[in-house]
Amino acid sequence: MVPFSRKAARALLVLALVCVGVSGAALSFLHSPFFRYAADGEYPAPRIDELIWPTVGYPSLVTPGEELVVEVDLSGGGEEGAEAERASGWRASIEPSREELAALSIELEPVGAELAPSRRWPCRGGEGGEAVWHVSFRVPEGAPPELYDLRLEADVGGERIADAQPHAVAVMEDDDDDFTFITLADVHVHERDNSSLFQRQTDKGIGEGGEPVFLAEAAGQVNLIRPDFVLVLGDFVRGQRRPGELLSEFESFYEALMQLEVPAFLLAGNHDGYVNEIDGKRWYEDNLGPLYYSFDVGGCHFTCLDTYQWPEDDRVVMNKLIYMEPRKWQGQVLGAEDEGDPATYRGQLAWLEGDLSAHRGAPLKVMALHHDPYTPEGKGYSYDNVVRFPAYLGAGGGAGRRALLGVASRHGVDVVFGGHQHRDWVGSVPWEDGAGETAYSCQTCVYFGPGGVADNYPGYRLVEVEDGGITSLAYLDGVSSYPFYDGSVPGGETDLDSLEEPALWALPNESVAGEAWSCRIEVGNYLGESMELAGIALEAPSPPPGGYRVEGAELYRVAEIAGEPGRVLLYLRAQAGRGAPGDAAITTITVSF
């Protein structure tokens, strides 16, 4: 009996050593530089050139009569760069991004210009940073509240230069501390046939030509709600299935982004920072804006961060038969010698300390990032290494999680919005001074993921702010995201393949009989709560002397359509009644004269 036990023990020991050896060999293979996707692709011409702020991913929020201070970088080489300090003749205009109003152009009154380090690109504006032009223009008192494209001209070196940014300026009705915004996370625009052996991706929501139809549906519902702005919390693309697909997916995302009719503040996720023929971080800065920055809404302060600060070598996508990922895809924020001691912070973390210190008195402080440092239950899984049997894959273990938690606690940040996990979680951490707590919100994705039955669904957070305080950020249960589709199950399992009906919709039906005109709009709501929809827009004949008769909604604005005499755009606000899964509440709006 004893000899048998010894033989069994030896056999187990040998088996364990073999497993360790195989695992070690597998790890060495997976982390080796072999079978990496190409990293020498050609970059298209950048969409951000001389006009570096505001941009489509970092817009400006202004009110009528307020000054808009744009930033212009003329330090490029050649004659223009040499003559940059003598730029003059500044001129700017804004044109509505909405298609029906695109022919309307509003000239901005120039106020002044000066050279100084950038205040909008922290990586350019630090000590010793190159000076850029800060050019002030006044927005006319009568400018309608709308999202605008910005166009800029100047005389440089005897030549006239021109640049533009779409969706870069939003004229707001007011600048108080009452507003709403929507957060979107993990959009993941991807091509069709994007699955691999252990990473299934459904084609649901992807058109035959690769169009992200699911994102168009999401944008349509966001436009219908018409929040004051949108925060997009990273992972716009997937970019890891085939060599070279990163660029095409970025371009598809950019095109779909143009369908939003409200300003969007973007920040990068790990997929956006991958290297697959092109470096996603370079494309981001060339086309969307800075990787980290801050902005204000009324007196409330928002800080947007880059939580994927890995060296380029760790971000290159590798294809190891079943492993199509970069070495690192979890979170990391660099710059702390000691994460508990802000005196040791450098780079982005030092900027973050200074940014929040400068806004101590803000009634609401919000941090937005991709990798939530808290979720779930304080474990911070978005920064941890990942174990996949039988091999341990070092896809994380990144620094900076404790520093982020400490910064939020020390400076009294009210809410931190994150994504990455494709799951809904809400938790909290007390402030250092004991006067309050930071809420941590992680949320579901926008796309359909692998399809099938899942514990998530395409959704968004609708955040309501009153008097500088968040009054709501979740759907029904205080945790879940609002669904984009009927049939979604908050807190349970959803059959993603069966989701077809949008949770919100508005269908107009116009009729003309002689000199009489009328339009009936059917508004549907499958959600389990009443929804205010301020984005119902209707093209109509110009009103007669008696005006319009409106039932079921409030007509709150009439805009003339330039180039189309006798046509106007009506803006309607309606309350869509509470629905139920499979049973939409129908609200009927009639507009007539």
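Nothing here was measured: the structure is a model prediction, and the numbers come from that model. (Residues numbered from 1 in each chain as written. Predicted model: local features only at pLDDT ≥ 70, side-chain atom pairs only at ≥ 80, totals over all residues. Heavy atoms only, no water.)

To continue, consider the pattern of salt bridges. Between side chains of opposite charge, pairing is possible as soon as their charged atoms come close. Evaluated as defined, the whole model comprises 28 salt bridges. Arg47 serves as the salt-bridge partner of Glu251, at 2.5 Å between the closest nitrogen and oxygen. In this pair, Glu251 sits in helix α5 (residues 245-257) while Arg47 sits in the loop between α1 (2-30) and β1 (51-53), placing the two residues 204 residues apart along the sequence. The partner of Asp424 in a salt bridge is Arg461, with the nearest N and O atoms 3.8 Å apart. In this pair, Asp424 is assigned in the loop between β21 (415-419) and β22 (425-430) and Arg461 in strand β25 (residues 459-466), connecting sequence segments 37 residues apart. This pair shows no difference in class: Asp424 is buried, exactly as Arg461 is. Sharing partners across several salt bridges, the network here consists of Arg98, Glu146, Arg226 and Glu261. (Salt bridge = Lys/Arg side-chain N within 4 Å of Asp/Glu carboxyl O. Helix = DSSP H or I, 4+ residues; strand = E, 2+ residues; numbered from the N terminus. Buried < 20%, exposed > 50% of the residue type's maximum accessible area, 1.4 Å probe, protein only.)

Another aspect to go through is the sheet that holds strand β33 (residues 554-560). Strand order in this open sheet of 3 strands is β31-β34-β33, and the pairing throughout is antiparallel. A strand with exactly one partner marks an edge of an open sheet, and here the two such strands are β31 (531-541) and β33. Pairwise comparison of adjacent strand axes, ignoring direction, gives a mean angle of 25° for this sheet. (Pairing = 2+ DSSP bridges. Axes fitted to C-alpha atoms, helices over the stretch in contact; angles between N-to-C directions.)

Attention now moves to empty space enclosed by the protein. A complete count under the given rule lists 2 cavities of 30 Å³ or more for this structure. Sorting the residues of the lining of the largest cavity by element identifies α4 (213-225) and α5 as the ones contributing at least two each. Grouping the amino acids of the lining of the largest cavity by side-chain chemistry returns 10 nonpolar, no polar and no charged. The volume enclosed by the second largest cavity comes to roughly 40 Å³. Taken together, Val56, Leu147, His167, Leu257, Leu260, Val262, Pro263 and Ala264 form the lining of the second largest cavity. Broken down by class, the residue content of the lining of the second largest cavity amounts to 7 nonpolar, 1 polar and no charged. (1 Å grid on protein atoms, 1.4 Å probe; cavity = no way out; pocket = protein on both sides within 12 Å on 5 of 7 lines; lining within 4 Å. Points joined across faces, edges and corners; volume = space filled by probe spheres on them. Nonpolar A, V, L, I, M, F, W, Y, C, P; charged D, E, K, R; others polar.)

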